[in-house]
Amino acid sequence: MTAEPTEPVSRSVVRASHADREAVVEQLKEAAAEGRLDFTELDLRLEQALSAKTRAELGLLTADLPPEVVPDPGEPLVLEGGLHGAKRVGRWQVPGHVTAHGGMGGVTLDFTRTACRLPEVEVEVHGELAGVTVVIPDSWAAETGGMDPGFGGLKDKTTPDRLPGTPLIRLTGAGGPAGVVIRHPNKWERRRLKRNKPE
């Protein structure tokens, strides 16, 4: 006796995940910030989004909103430490891929005053002789599983607490002799950020 082939599940009844709900919540908040929803509509839709069981229910909440625009990842950025070192700090445009070679002078990548809307940023680091330091905001998280620590090692001082809508820094590359550090701002950097907050 031949078993009947299983029919594919309709997309209208696919169960919603936590990530699906969070994505809709962020889209609704963005729409309210743009003036597309008033506070009453926002509260109602947020409540419905958080209790939605299927993707179809979530889809109804954003059907009258414009589709989200995926940010352009831009041209890759390459930083060479060379003899004197290199830094990318302050307000700068974050591309989807950054490569940093520590060289003999070292490289510092500071994301704390950037406004990045990309879901992920790949940061390829090569510690070489002077190392690479990466500083990310408290609300961002890092994935370092693709990193070869090398002789210098990898010091990951970040926390896994990531706010919805913030980028994930995906660290790849090799530590080399000097190693790589990825961390959140230190006390001095936090004081400086309070005096001059990111836009």
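Just so you know, these numbers come straight off a predicted model, no measurement behind them.

## Remarks on the sheet that holds strand β6 (residues 132-135)
Spatially, five strands are ordered β2-β4-β6-β10-β8 in an open sheet, and the strand pairing comes out parallel. Only two strands of the sheet have a single partner each, and these edge strands are β2 (86-88) and β8 (154-156). Across the sheet, the axes of successive neighbouring strands diverge by a mean angle of 5°, strand direction being ignored. Bridge count between β6 and strand β10 (residues 180-183): four bridges; the pairing is parallel.

## Observations regarding the nonpolar core
In this structure, L109, F111, V121, V123, V125, V134 and I169 are the most contacted members of the largest nonpolar core, which totals 25 residues. Every element with two or more residues in this core is listed here: β1 (77-80), β3 (97-101), β4 (107-110), β5 (120-126), β6, β7 (141-148), β9 (168-174) and β10. Broken down by element, the residue count for this core peaks at three residues, all from β5. Non-local contacts of V121, meaning those with residues more than four positions away in its chain, are made with V94, P95, G96, V98, C116, P167, L168, I169 and R170. Core analysis: the next-biggest nonpolar cluster, separate from the first, contains 14 residues, A16, L28, A32 and L46 among them.

## Overview of the packing of aromatic side chains
Given two aromatic rings, one states the distance between the centres and the angle between the planes to describe the pair. The tally for this structure, following the rule as stated, stands at two aromatic pairs. On the numbers, 5.7 Å between centres and 50° between planes, the contact of F111 with W140 is tilted. Taken together, the positions of F111 in the loop between β4 and β5 and W140 in the loop between β6 and β7 put the pair 29 residues apart, joining distant regions of the chain. Both residues of the pair, F111 and W140, count as buried. Grouped by ring-pair contacts, the aromatic residues W92, F111 and W140 constitute a single cluster.

## Some remarks on the sheet that holds β3
What the five strands build is an open sheet, ordered β1-β3-β5-β9-β7; its pairing is parallel. Since the sheet does not close on itself, it has two edges, and those belong to β1 and β7, each with one partner. Pairs of neighbouring strands in the sheet enclose a mean axial angle of 15°, with direction left out of account. Pairing of β3 with β5, which is carried by five bridges, proceeds in the parallel orientation. Its bridge partner being in β5, H101 is matched across the sheet by H126.

## What to know about the pairing of β6
Here four bridges tie β4 to β6, and the two strands are oriented parallel to one another. Paired with L109 across the bridge in β6 is V134.

## Some points on the packing of helix α1 (residues 18-33) against helix α3 (residues 55-62)
Put simply, α1 and α3 touch, their axes get as near as 10 Å, and they point 5° apart. It follows from the interaxial angle that α1 and α3 lie roughly parallel. Of α3, the residues touching α1 (which contributes D20, R21, V24, Q27 and L28) are R55, L58, L61 and T62. Its residues assigned to classes, the contact of α1 with α3 comprises four nonpolar, two polar and three charged.

## Quick word on a nonpolar patch on the surface
Side chains of L83, M104 and L129 sit close together on the surface and give an oily, nonpolar patch of about 370 Å² of accessible area. The topology assignment puts L83 in the loop between β1 and β2. According to the relative accessible area criterion, L83 is exposed, its value standing at 62%.

About the thresholds
Residues numbered from 1 in each chain as written. Predicted model: local features only at pLDDT ≥ 70, side-chain atom pairs only at ≥ 80, totals over all residues. Heavy atoms only, no water. Pairing = 2+ DSSP bridges. Helix = DSSP H or I, 4+ residues; strand = E, 2+ residues; numbered from the N terminus. Axes fitted to C-alpha atoms, helices over the stretch in contact; angles between N-to-C directions. Core = buried A, V, L, I, M, F, W, Y, C linked by side-chain atoms within 4.5 Å. Buried < 20%, exposed > 50% of the residue type's maximum accessible area, 1.4 Å probe, protein only. Contact = heavy atoms within 4.5 Å. Phe/Tyr/Trp six-rings, centres within 6.5 Å; stacked < 30°, edge-to-face > 60°. Parallel < 35°, antiparallel > 145°, perpendicular 65-115°, else oblique. Nonpolar A, V, L, I, M, F, W, Y, C, P; charged D, E, K, R; others polar. Patch = residues over 30% accessible without salt bridge, like charges linked within 9 Å, V, L, I, M, F, W, Y side chains within 5 Å. Areas by Shrake-Rupley, 256 points an atom, 1.4 Å probe, with all protein chains shown as cover. Salt bridge = Lys/Arg side-chain N within 4 Å of Asp/Glu carboxyl O.

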